[in-house]
Amino acid sequence: MKWSWRIGRLAGIDVYMHATFLILLAWVGISHYRLRQSMADVVSGLGFIVALFAIVVLHELGHALTARRFGIRTRDITLLPIGGVARLERMPEDPRQELLVALAGPAVNVVLAGILLLVTLPAGAIAPISEIDLVGGNFLVKLMWINVILAAFNLIPAFPMDGGRVLRALLAMRMDYVRATAIASSVGQALAFGFGFIGLLYNPFLVFIALFVWMGAAAEASTVQIKSALGGIPVSTATVTDFRSLSPRDSLQQALEHVLAGFQHDFPVIEQGRLVGVLTRGDLLTNLAQKGPQARVEEAMNERFQTADFSEMLELALSRLQSYKCLTLPVLRNGSLVGVLTMDNVGEFLMIQSALRGGPGAGRIKIAAGLAQ
Ligand SMILES: [Zn+2]
């Protein structure tokens, strides 16, 4: 994630803090100070936030370590003001495994709440949640309630909350994954709508959560649709074999003529049958402005490019295409260029696929927007 700093490493997983987290710390510090103008309040407020996020990290580790048991690695854990995100390498395909991975986070909070309850109960320190203040009060009791809230909040059956995944996993045991996701995300969006409405009346913070849930639900549904539409399809099926390429010694003027003729946006550059670079439309335009139309393609082309293999799976090639600023991947077969794979034609391919499959998801597969993110 951009704008994140590494703050440590736990069980072999890097933990990052997002820049916006500092805003939360500043806000907590300032609001504690304004209450009684006491630095001690500020310190205890910040101490509480640090403890809160230590709990969040343990929650994310619950997910990560359960996933590891199923052979899935976690890239990193990032702390955001709204909670933590563990980026798993992939989600388990088996709904029973997904169920366990999703439940493991809230389970950590339930266990922590239980331990804190046992610690604080004999001291008679337990106060009902309605008497908990941000400032003052028993630190451990506050932490106990925080764990109860985190467990409950995360089990709300809406993406991107864990409850959304729990619901999807339960549904996926009875139906196919795409339909289960569609239903789970509709439930999530209905809940988001409800939160938003109640939030407008009572609590603006709920509107914020609602927005977050709404976007999470939509993103999850489109990712799963794309993945399922691409499952088991080789790159060769969506490769465009009728394309133009350039030579390093062509002029930018010639490249521009190809673009204007509407052939493509990005061009593979070939020298003696070997792929040596890619000229993107962006690079073409910048170099035209700086060096003029007589400059050569080799001065403007990008020599560090990604490629796809004719026989690899579309899903893999597409994730490379998405993480790469160029919208075209040259497709190679035994090392020589046979075609190009572009976002546009993958989008078209998916629309055709979904039209052929029919079904409820068909009309909704306007994935172009999701693909171009
Ligand atoms: Zn979680």
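Details of the structure are given in the entry above.
Residues numbered from 1 in each chain as written. Predicted model: local features only at pLDDT ≥ 70, side-chain atom pairs only at ≥ 80, totals over all residues. Heavy atoms only, no water.

Engineer: Is there a simple way to think about the environment of valine 178 in this case?
Structural biologist: Within the secondary structure, valine 178 sits in helix 6 (residues 177–201). On the accessibility criterion, valine 178 (23% relative accessible area) is partly exposed. Taking C-alpha positions, valine 178 is 9.5 Å from arginine 168, a pair spaced ten residues apart along the chain. (Helix = DSSP H or I, 4+ residues; strand = E, 2+ residues; numbered from the N terminus. Buried < 20%, exposed > 50% of the residue type's maximum accessible area, 1.4 Å probe, protein only.)

Engineer: Please clarify how the packing of helix 2 (residues 39–69) against helix 4 (residues 139–154) should be interpreted in this entry.
Structural biologist: When two helices pack together, their arrangement is given by the angle between the helix axes and by the axis-to-axis distance. Interaxial distance between helix 2 and helix 4 falls to 11 Å at its minimum, and their mutual angle equals 40°. Taken together, the axis directions place helix 2 and helix 4 in an arrangement best described as oblique. Taken as a pair, helix 2 and helix 4 cross one another with a handedness that is right-handed. Seen from helix 2, the contacting residues are Gly47, Phe48, Ala51, Leu52, Ile55, Val56 and His59; seen from helix 4, they are Phe139, Lys142, Leu143, Ile146, Asn147, Leu150 and Asn154. Among the residues forming the contact of helix 2 with helix 4, the class breakdown is nine nonpolar, four polar and one charged. (Axes fitted to C-alpha atoms, helices over the stretch in contact; angles between N-to-C directions. Parallel < 35°, antiparallel > 145°, perpendicular 65-115°, else oblique. Left-handed = near helix turned anticlockwise from the far one by under 90°. Contact = heavy atoms within 4.5 Å. Nonpolar A, V, L, I, M, F, W, Y, C, P; charged D, E, K, R; others polar.)

Engineer: How should I be thinking about the sheet that holds strand 4 (residues 83–88) in this particular structure?
Structural biologist: With mixed pairing, the four strands of this open sheet are ordered in space as 1-2-3-4. Of all strands in the sheet, those bounded by a partner on one side alone are strand 1 (4–10) and strand 4. Sheet twist, expressed as the average angle between the axes of neighbouring strands with direction ignored, equals 25°. Relative to strand 4, strand 3 (residues 74–80) is paired through six bridges, and the arrangement is antiparallel. (Pairing = 2+ DSSP bridges.)

Engineer: Explain the packing of helix 9 (residues 252–260) against helix 10 (residues 281–291) to me, please; I cannot follow it from the model alone.
Structural biologist: Their axes nearest at 11 Å, the elements helix 9 and helix 10 cross at an angle of 135°. Considering the angle they form, helix 9 stands oblique to helix 10. For the crossing formed where helix 9 meets helix 10, the hand is left-handed. Contact with helix 9, carried on its side by Leu252, Ala255, Leu256 and Val259, involves Arg281, Leu284, Asn287 and Leu288 of helix 10 and no other residues of that element. The residue makeup of the contact of helix 9 with helix 10, split by class, is six nonpolar, one polar and one charged.

Engineer: Quick question: what am I supposed to make of the coordination of the zinc ion here?
Structural biologist: Working reference: metal with six octahedral donors, ideal angles 90 or 180 degrees; metal with four tetrahedral donors, ideal angle 109.5 degrees. With distances of 2.0 to 2.5 Å, the protein atoms coordinating the zinc ion are His59 (NE2), His63 (NE2), Asp162 (OD) and Asp162 (OD). Coordination at the zinc ion is irregular, judged from the four donor atoms that bind it and the angles of 56 to 150° they form at the metal. Ordering the donors of the zinc ion by residue number gives the pattern H-x3-H-x98-D. On the criterion of sequence distance, the pair formed by histidine 59 in helix 2 and aspartate 162 in helix 5 (residues 162–172) is long-range, its members being 103 residues apart. (Donors = N, O, S within 2.8 Å, 3.2 Å for Na, K, Ca; no water. Tetrahedral: all angles 85-135°; square planar, octahedral: opposite > 155°, others 65-115°.)

Engineer: Looking at this model, I keep getting lost on the pairing of strand 6 (residues 274–279). Mind explaining?
Structural biologist: Counted residue by residue, strand 6 has five buried out of six residues, so it is predominantly covered. One ladder, built from five bridges, connects strand 5 (residues 267–271) with strand 6; its direction is antiparallel. When the bridges of strand 6 are listed, proline 268 appears paired with valine 278. In textbook terms, the turn of a hairpin is the stretch between consecutive antiparallel strands, and for strand 5 and strand 6 this stretch comprises two residues, one of which, glutamine 272, has a positive phi near 50°.

By themselves, these figures tell us nothing about what the structure is for.
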